[in-house]
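What follows is the residue order along each chain.
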Amino acid sequence: MQLSGAANPPSMAPAGLRPVPAAAGIGLKPTHYGELLDSRPSLAFLEIHTENYMGAGGPPHRYLEALAGIYPLSFHGVGASLGGADPLDSQHLARWRELVDRYEPSLISEHVAWTGHAGLALHDLLPVPYTTEALNLLCEHIDAMQSVLGRQILIENPSRYLDFLQSEMTEAEFLVEAARRTGCRLLLDINNVYVSACNQDEDARAYLAEIPGELVAEIHLAGHAVRTTASGHELRIDDHGSRVCTDVWRLYAETIERIGARPTLIEWDTNVPALDELLDEACRADAVAADALAAVEGVPDAAIG
Amino acid sequence: MQQLANLQADFADFLLAPPQRAATASLADCVAPGGAPAEQRLAVYKNNVHSQLVDALAATFPAVERLVGQEFFRYAAREYVGIHPPRRPTLLGYGDRFPEFLGRFPPATTVPYLPDVARLELLYLEAYHAAEAEALDVEQFTGRLTAGVDDTELGLHPSARLMQSRFPVSRIWELNRQAETLQGKTKIPGEAEHLLIIRPQASVEVRRLSPGTYAALSALDRGRPLEAALAAGERTEPGIDLTHHLRSLAEGQTFLLTENRL
């Protein structure tokens, strides 16, 4: 194995950890705990929001422990505030470390966003201006998190409803530069790319083309809502409350064609459906990826299945 | 320099201000032009922050929401968010001052038992997320009752929470946990309650105790020796058969051995 460095990020799953197959997984929801354990459907991995497992014990940990024996886990944080101007919360990172030590998740990720300021936690993924100052702080925070956890992390592109005039580079440039400097990799949320591009009248395909495939370690897919504002403008709201839309499936297929298959999460966090519907969406992600790979290899669709 | 800190301070002020308050011109001027106006874009974030926190409170206090109705609950919750915004990166435990807030919230004073229902729901969730521990079985417990002094004492399971109320709070709570609320149309016996909320295994139990048993458990919970706890129980409820009450609690995996704190 090569030593880690800017051009050679450390390998994803350290020795001894279960590797995550480059196929579809789902977000773990408490309403599905029992059914998942009973039916054990075929899934590449389960992803949790790490903050929901920061209690000392009880059913969340009982179920997670049982499911960890069946599926590789991905720990996805929503509260570290990597994009914040404030230093990271060391108690929060210590709780993260305890959970990583306990469950040894195969993937660890956080957002390029800020979630709190001056001691307050706002519990939303808030936008960062893409400036040199913000990039330097983000890199310091990624270094700090990777060093406390002793693991490589993935950073996720946020869904955005605005851009700042202060921005000096594109979001893709900002993310890629952070990954190059810190040795972290990217969690590419294709729904977020699409939502942000629509909201800011930008080109989602141009964004995706800027992301080097070797930096992408995981993909997120989700549904979003379309709202019309008082002034008659359309804003897409990333509510993770429905099926993945057609345009996002198309972008997913194009991305897999370009970079190959990746562990891919179906996120569904509001109006959580029955497990079957979630599994159906995961099957669809596998089918879309298989078709995309077949297209690359020139194998006719009929020969796959 | 420090531009990021200033921007985030302005943005955070805007997010936590009352919903109807507009963004300052300096914040709105930072938003790149085009498409929907800056105010509408900023409002998406503000709406997300508030609805996320209000939803979190609704998930923690479902019986309170059913008692007062969704509209009133969301109004009260928004007020609470403005006064007590969260300070931790996890929402577990957010709302710990909601019972006290409801007790002082003038529009809620017509429902005098509301703060106690909220307190019970908070303790229920605390018990749900509390640490695991192996409780004593009945034989081990009976052994402790007759054993001499050594370096261990009897304590409560880490999930155990005690509360008393001058209202029949657990009965009101039970009736309002279901989706179809009875909204006070059912006669509820009107006596005060002494409660143990505990999660010895996977599910949380709410047990109603006699006043003497409650006094004994409270003493144990404060780290008092068993003898003192039994005396406290008898003082509160003369003639009570505490051994019987405690043994039936031991059947429900209530007690642990703890290090002697003396």
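Conventions we followed
Residues numbered from 1 in each chain as written. Chains lettered and ligands numbered in written order. Predicted model: local features only at pLDDT ≥ 70, side-chain atom pairs only at ≥ 80, totals over all residues. Heavy atoms only, no water. Helix = DSSP H or I, 4+ residues; strand = E, 2+ residues; numbered from the N terminus. Rg over C-alpha atoms; globule rule 2.2 N^0.38 Å. Buried < 20%, exposed > 50% of the residue type's maximum accessible area, 1.4 Å probe, protein only. Contact = heavy atoms within 4.5 Å. Areas by Shrake-Rupley, 256 points an atom, 1.4 Å probe, with all protein chains shown as cover. Lys, Arg positive; Asp, Glu negative; His and termini not counted. Charge placed at Lys NZ, Arg CZ, Asp CG, Glu CD. Buried area = accessible area lost by both parts, 1.4 Å probe. Salt bridge = Lys/Arg side-chain N within 4 Å of Asp/Glu carboxyl O. Polar contact = N/O pair within 3.5 Å; in protein donor to acceptor, adjacent residues only side chain to side chain. Domains from an automatic or database assignment. Nonpolar A, V, L, I, M, F, W, Y, C, P; charged D, E, K, R; others polar. pLDDT = per-residue confidence, 0-100. Disulfide = S-S within 2.5 Å. Axes fitted to C-alpha atoms, helices over the stretch in contact; angles between N-to-C directions. Parallel < 35°, antiparallel > 145°, perpendicular 65-115°, else oblique. Left-handed = near helix turned anticlockwise from the far one by under 90°. Pairing = 2+ DSSP bridges. Phe/Tyr/Trp six-rings, centres within 6.5 Å; stacked < 30°, edge-to-face > 60°.

**Side note on the overall build of chain A**
Across its full length, chain A holds nine helices and twelve strands. The C-alpha radius of gyration computed for chain A amounts to 19 Å, which stays within 12% of the reference 19 Å derived for 305 residues, consistent with globular compactness. For chain A, the residues scored as buried account for 59% of the 305 residues in total. For chain A, restricting intrachain contacts to residue pairs at least 6 apart in sequence, the fraction spanning at least 24 positions comes to 78%. Accessible surface, chain A as shown: approximately 11,800 Å² in total, 51% of it carbon and sulfur. Chain A carries 20 positive and 44 negative side-chain charges, and their two centres are separated by 4 Å.

**Some points on the overall build of chain B**
Across its full length, chain B holds twelve helices and five strands. Its C-alpha radius of gyration of 24 Å places chain B more than 25% over the 18 Å reference for a compact globule of 262 residues. Each principal axis of the C-alpha atoms in chain B carries an extent, and together these give about 80 × 50 × 30 Å. Looking at the 262 residues of chain B, the share that counts as buried comes to 48%. Taking the average location of the 26 positive side-chain charges in chain B and that of its 32 negative ones, the two points are 6 Å from each other.

**Points about the interface of chain B and chain A**
Opposite the 46 residues of chain B that make contact, chain A presents 49 residues. Taken together, the two surfaces of chain B and chain A that pack against each other cover about 4,000 Å², and 63% of this comes from carbon and sulfur. Where chain B touches chain A, the interface holds one salt bridge. Close ionic contact of Glu132(B) with Arg62(A) constitutes a salt bridge, the shortest N to O distance being 2.7 Å. In this structure, the connection of chain B to chain A is made through 22 residue pairs in polar contact (both at pLDDT 80 or more). Of all elements in the fold, only α1 (3–16), α3 (38–60) and α7 (114–129) of chain B reach the threshold of two or more residues within the side of chain B that touches chain A.

**A short note on the domain arrangement of chain B**
Size of an interface: often given as the accessible area lost when the parts come together. All names here are of chain B. Each assigned domain of chain B is listed here: domain 1 (1–111) and domain 2 (115–262). Relative to domain 2, the C-alpha centre of domain 1 lies at a distance of 36 Å. Tallying the contact residues gives 14 residues for domain 1 and 16 residues for domain 2. Between domain 1 and domain 2 lies a buried interface of about 1,300 Å² when both sides are counted; carbon and sulfur atoms form 69% of it. Of all residues in domain 1, Arg66, Leu67 and Pro99 bury the most surface against domain 2, accounting for 45% of the area lost on that side. Our count for the contact surface shared by domain 1 and domain 2 stands at zero salt bridges. There are four residue pairs in polar contact (both at pLDDT 80 or more) connecting domain 1 and domain 2. Of all the secondary-structure elements, those providing two or more residues to the side of domain 1 that touches domain 2 are α4 (62–68) and α6 (98–104). If one sorts the elements of the side of domain 1 that touches domain 2 by residue count, α4 sits on top with five residues. In the side of domain 1 that touches domain 2, the residues fall into nine nonpolar, three polar and two charged.

**Section: the confidence of the model for chain B**
Mean pLDDT over chain B: 91, with 92% of residues reaching 70 or higher. Here the predicted complex carries an ipTM of 0.92, next to a pTM of 0.92.

**As for the state of the cysteines**
Simply put, disulfide is the name for a covalent bond between the sulfur atoms of two cysteines. Per the counting criterion, the structure on display carries zero disulfides over all chains. In this model Cys283(A) remains outside any disulfide bridge; the closest cysteine sulfur is found in Cys245(A), 20 Å from its own.

**Observations concerning the packing of α1(B) against α3(B)**
Working note: a packed helix pair is described by the angle between its axes plus the distance between those axes. Residues and elements named next belong to chain B. Interaxial distance between α1 and α3 falls to 9 Å at its minimum, and their mutual angle equals 60°. On the basis of their axis angle, the class for α1 and α3 is oblique. Judged by the twist between their axes, the crossing of α1 over α3 is right-handed. Along the contact surface, α1 presents Phe11, Phe14, Leu15 and Leu16, while α3 presents Leu42, Ala43, Tyr45, Lys46, Val49 and His50. Residues belonging to the contact of α1 with α3 are distributed by class as follows: eight nonpolar, one polar and one charged.

**Regarding the pattern of salt bridges**
Under the criterion given, the structure shown has 24 salt bridges over all chains. Note that Glu177(A) is salt-bridged to Arg181(A), the shortest N-O span being 3.1 Å. You can see Glu177(A) and its partner Arg181(A) sitting in helix α5 (residues 171–182), four residues apart, about one turn around the helix. Judged by relative accessible area, which is 31%, Glu177(A) ranks as partly exposed. Residue classification places Arg181(A) among the partly exposed residues on the basis of a relative accessible area of 41%. Linked through salt bridges whose partners overlap, the residues forming this network are Arg171(B), Glu174(B), Glu191(B), Glu193(B) and Arg208(B).

**Details of the environment of Ala295(A)**
Along the polypeptide, Ala295(A) turns up in helix α9 (residues 275–297). Ala295(A) sits in the partly exposed class, given a relative accessible area of 47%.

**Comments concerning the sheet that holds strand β3 (residues 73–76) of chain A**
Residues and elements named next belong to chain A. Pairing is parallel around the closed barrel formed by eight strands, whose spatial order is β1-β2-β3-β4-β7-β8-β9-β12. Averaged over all neighbouring strand pairs, the angle between strand axes comes to 30°, with direction disregarded. Relative to strand β8 (residues 185–189), strand β7 (residues 154–156) runs parallel, the two sharing three bridges. The residue of β8 that forms the bridge with Glu156 is Leu187.

**What about the packing of aromatic side chains?**
All names here are of chain B. Under the counting rule described, the total for this entry stands at 22 aromatic pairs over all chains. Here Tyr124 and Trp173 contribute two aromatic rings whose centre-to-centre distance is 5.5 Å and whose plane-to-plane angle is 50°, an arrangement assigned as tilted. Of this pair, Tyr124 sits in helix α7 while Trp173 sits in helix α9 (residues 169–175), and the two are 49 residues apart along the sequence. Within the aromatic cluster, the residues linked to one another by ring pairs are Phe61, Phe72, Phe73, Tyr75, Tyr80, Tyr94, Phe98, Phe101 and Phe105.

**Digging into the pairing of strand β3 (residues 193–198) of chain B**
Moving residue by residue along a regular strand, the side chains alternate between the two faces of the sheet. Residues and elements named next belong to chain B. The buried fraction of β3 amounts to six of the six residues, a majority that puts the element mostly inside the structure. Across five bridges, strand β2 (residues 161–165) lies against β3 in antiparallel orientation. Paired with Met163 across the two strands is Leu195, which belongs to β3. One ladder, built from five bridges, connects β3 with strand β4 (residues 205–209); its direction is antiparallel. Looking at the pairing, Leu196 lines up with Arg207 of β4. Between the antiparallel neighbours β3 and β4 lie six residues.

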